[in-house]
Amino acid sequence: GGAQPGSVSVYWVKRDDGYSAPGQLTSEGIVQGGMQLKMQATDKLELRARADLKDGSASGTSRSAEIDGRYAFTPEVSLGLGARHEDRDTALAAGSSAALAETGARTDVAAKLTWQPLDREGKPGRWAVYGLVQGTVRHAATRSENDRVGVGGHYQINDRVKLSGEVSDGDGGVGSKIGADYRLSDRNSIYLNYLLDPDRSDIGYRGRVGNLTAGMKSRYSDSLSVYAEQRYQSADHGPSGLIHAFGLDLAADDRWSWGARLEKGTTSNPATGDLDRTAVSLSAGYRFEKTKYAGVIEYRTEDGNATGKRTSWLVKNSLGYQTTPDWRVLAKLNFAISNAGAGSTTDADFTEVVLGMGYRPVLNDKLNALFKYTYLADLPSPGQLSASGGARTFEQRSHVLSVDAIYDLVPKLSVGGKLGYRFGKLRDTSVAGSGWFNSRAWLGIARLDWHVVHKWDAIGELRYLRAKEAGDARFGALVGVYRHINEHVKVGVGYNFTDFSDDLTNLDYRSRGWFVNLLAKL
């Protein structure tokens, strides 16, 4: 058969020190992002690609990419093949625990053979079994090999109970996972899962991590659902602890939706001791005709042996409004206030305001444009990392004006560009007593888009950045390949040959290398 439409999911999260969320244990400032693409290439072949990035102020940087394919030989038998490449820059590698640290690059390949007999009606049966084998084809001297072999499966005991499990052995020792899901009724279910991962430690040590998760989900009505979850994590080397989480989602009507989250627990780290955390968040969403709104407010407290007491407020708001068929207005207001007590030098404040206008003509859509103003006041605490993993050596209060545009010359060829200007003040946090100084910068980008074949595009950019006060000018190129998911969204991968970003508030000059990107048309 012919190829079927694919699906794509993208996430990007930036958290200050001690941020908490249901099912997560972290006591560090962290940035996480990634993309996953699924595509049914034929009736028998399914393809999946994924890329992930993690930058932690304590654990360092981890980047990974993988591609997998699953082919159904028969309705009962399928074979999966995949390859994964990971590169870690572990912050602990240079310390006293360097012998335990996992740093550097490694490439693994894996195969999985699955058998799931059909029932009398020709549908997938109640049970399935599989075998897997994995091998390391290349690795740095500072990374352990990860050869592994295992078996697993699942069994649907009845319409309410499902069991699943897997056991494997290899270079990192025994690994396993076991789970049970029990549907109490059409509205209520409980679950219990345990995972022993021999190749993962949140702070980059060699050693296994075990996670035990128990929870309940309940849908009280078509508009209200709640969950409660307990998660215990233990590690050979690294953080461990117990987290209690509770949440609810309410769709009050066709326009409004509401949510609430509560989390409380303690994490323990060999390097920093215990950290007690309580976090409460409320969320709201509104969507009606020309207006879309989403907002979240969170309050949390932490009390750690090494970090002391800290209170934080985080607020996030986004608004979109269609003024005419051709024009849209967008606005954002995000801020965070983190206070470690009177006289503390580790306080952190963040404010971001965005106002923009999008132009996309209905009758003649050859020209699309976005005009945007951004105000950013970023005052990080010492030791906090930037989005690319480098030290935050500058505080900033910046205003940025930018315009992006693209024009279709012919059906398969488009030209476009971006012009941006930043003005404001910076302060060098690496120099004690440093004062604020003026900072201005220009960014220019010329872009060419080529629609190669159905749903696939290739792009090329020439980029120029000039920082006036620094007397510095940089020039380079960027290339990429994109796939259209639907009329409004496309996702791509590429390589940036320059060391600067097209975001003028990014000051760390660490943008060279591979990237994934999601683009959406208003």
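Preceding this paragraph is the structure being described.
Let us look at the structure shown here.

Before going further, it helps to examine the overall build of the protein. Within the protein, the regular secondary structure consists of zero helices and 28 strands. Only carbon and sulfur atoms are counted for the fraction: they give 59% of the accessible area of the protein, which is about 28200 Å².

Here the focus is the pattern of salt bridges. Using the criterion set out here, one finds 23 salt bridges in the structure. By sharing partners, the salt bridges in this structure join Arg 48, Glu 66, Asp 68, Arg 84, Glu 86, Arg 88 and Arg 143 into a single network.

Now for the environment of Gly 170. Counting through the fold element by element, Gly 170 comes out in strand E9 (residues 161-170). Taking the relative accessible area as the measure of exposure, Gly 170 reaches 28% and is therefore partly exposed. Once the C-alpha coordinates of Gly 170 and Gly 150 are considered, the two residues, 20 residues apart in sequence, prove to be 8.7 Å apart. Non-local contacts of Gly 170, meaning those with residues more than four positions away in its chain, are made with Asp 147 and Arg 148.

Looking now at the pairing of strand E27 (residues 489-496). In this sheet, E27 lies alongside strand E26 (residues 472-484) in antiparallel orientation, the contact comprising seven bridges. In the strand pairing of E27, Val 479 is matched with Tyr 495. Linking E26 back to E27 in an antiparallel pair, the connection comprises four residues.

Here we take up the packing of aromatic side chains. All told, the structure shown has eleven aromatic pairs when counted by the stated rule. On the numbers, 4.7 Å between centres and 45° between planes, the contact of Tyr 299 with Trp 313 is tilted. Placement of the pair is Tyr 299 in strand E17 (residues 291-304) and Trp 313 in strand E18 (residues 308-322), with a sequence separation of 14 residues. For Trp 313, a relative accessible area of 42% translates into the label partly exposed. Measuring from ring centre to ring centre gives 4.5 Å for Tyr 421 and Trp 442, while their planes differ by 35°; the resulting arrangement is tilted. Residue Tyr 421 is found in strand E23 (residues 413-428), and its partner Trp 442 is found in strand E24 (residues 437-453); the two are separated by 21 residues along the sequence. The aromatic ring of Tyr 130 is capped on one face by Lys 112, whose charged end is 4.1 Å from the ring centroid. Sitting over the ring of Tyr 509, Arg 474 keeps its end group 4.0 Å from the ring centre.

Ranked by size, the top nonpolar core spans seven residues in total: Val 400, Ala 441, Leu 443, Ile 445, Leu 465, Phe 500 and Leu 504. In terms of residue count, E24 provides more of this core than any other element does, three residues in total. Those residues within four positions of Leu 504 in sequence are excluded, and the remaining contacts are Val 400, Gly 420, Tyr 421, Arg 422, Ala 441, Leu 443 and Leu 465.

To continue, consider a nonpolar patch on the surface. Side chains of Trp 115, Trp 127, Val 129, Tyr 155, Ile 157 and Leu 163 sit close together on the surface and give an oily, nonpolar patch of about 530 Å² of accessible area. Examined against the element boundaries, Trp 115 turns out to sit in strand E6 (residues 104-115). Since its relative accessible area comes to 42%, Trp 115 is described here as partly exposed.

Turning our attention to unusual backbone geometry. Backbone geometry places Glu 289, a non-glycine residue, at a positive phi of 50°. Counting through the fold element by element, Glu 289 comes out in the loop between strand E16 (273-288) and E17. On the accessibility criterion, Glu 289 (71% relative accessible area) is exposed.

Okay, the environment of Leu 507 next. With respect to the helices and strands, the residue Leu 507 is situated in the loop between E27 and strand E28 (513-520). Distance from Leu 507 to Gln 396, taken between C-alpha atoms, is 9.2 Å for residues 111 residues apart in sequence. When neighbours within four sequence positions are excluded, Leu 507 is seen to be in contact with Phe 394, Gln 396, Arg 422 and Leu 426.

As for its position among the elements, Ala 128 is in strand E7 (residues 127-139). Looking at Ala 128, the relative accessible area reads 5%, which means it is buried. The spatial distance from the C-alpha of Ala 128 to the C-alpha of Gln 116 is 4.3 Å, given a sequence separation of twelve residues. Setting aside anything within four residues of it in sequence, one finds Ala 128 in contact with Trp 115, Gln 116, Gly 152, Gly 153 and His 154.

This paragraph deals with the pairing of E23. In the sheet, strand E22 (residues 394-410) pairs with E23 via 16 bridges, with the strands oriented antiparallel. When the bridges of E23 are listed, Arg 397 appears paired with Lys 425. What sits between the antiparallel neighbours E22 and E23 is a turn of two residues. As judged from the 14 bridges shared by E23 and E24, these two strands associate in the antiparallel manner. Along E24, the bridge assignment pairs Gly 417 with Ala 446.

Parameters at a glance
Residues numbered from 1 in each chain as written. Predicted model: local features only at pLDDT ≥ 70, side-chain atom pairs only at ≥ 80, totals over all residues. Heavy atoms only, no water. Helix = DSSP H or I, 4+ residues; strand = E, 2+ residues; numbered from the N terminus. Areas by Shrake-Rupley, 256 points an atom, 1.4 Å probe, with all protein chains shown as cover. Salt bridge = Lys/Arg side-chain N within 4 Å of Asp/Glu carboxyl O. Buried < 20%, exposed > 50% of the residue type's maximum accessible area, 1.4 Å probe, protein only. Contact = heavy atoms within 4.5 Å. Pairing = 2+ DSSP bridges. Phe/Tyr/Trp six-rings, centres within 6.5 Å; stacked < 30°, edge-to-face > 60°. Lys NZ or Arg CZ within 6 Å of the ring centre and 35° of its normal. Core = buried A, V, L, I, M, F, W, Y, C linked by side-chain atoms within 4.5 Å. Patch = residues over 30% accessible without salt bridge, like charges linked within 9 Å, V, L, I, M, F, W, Y side chains within 5 Å.

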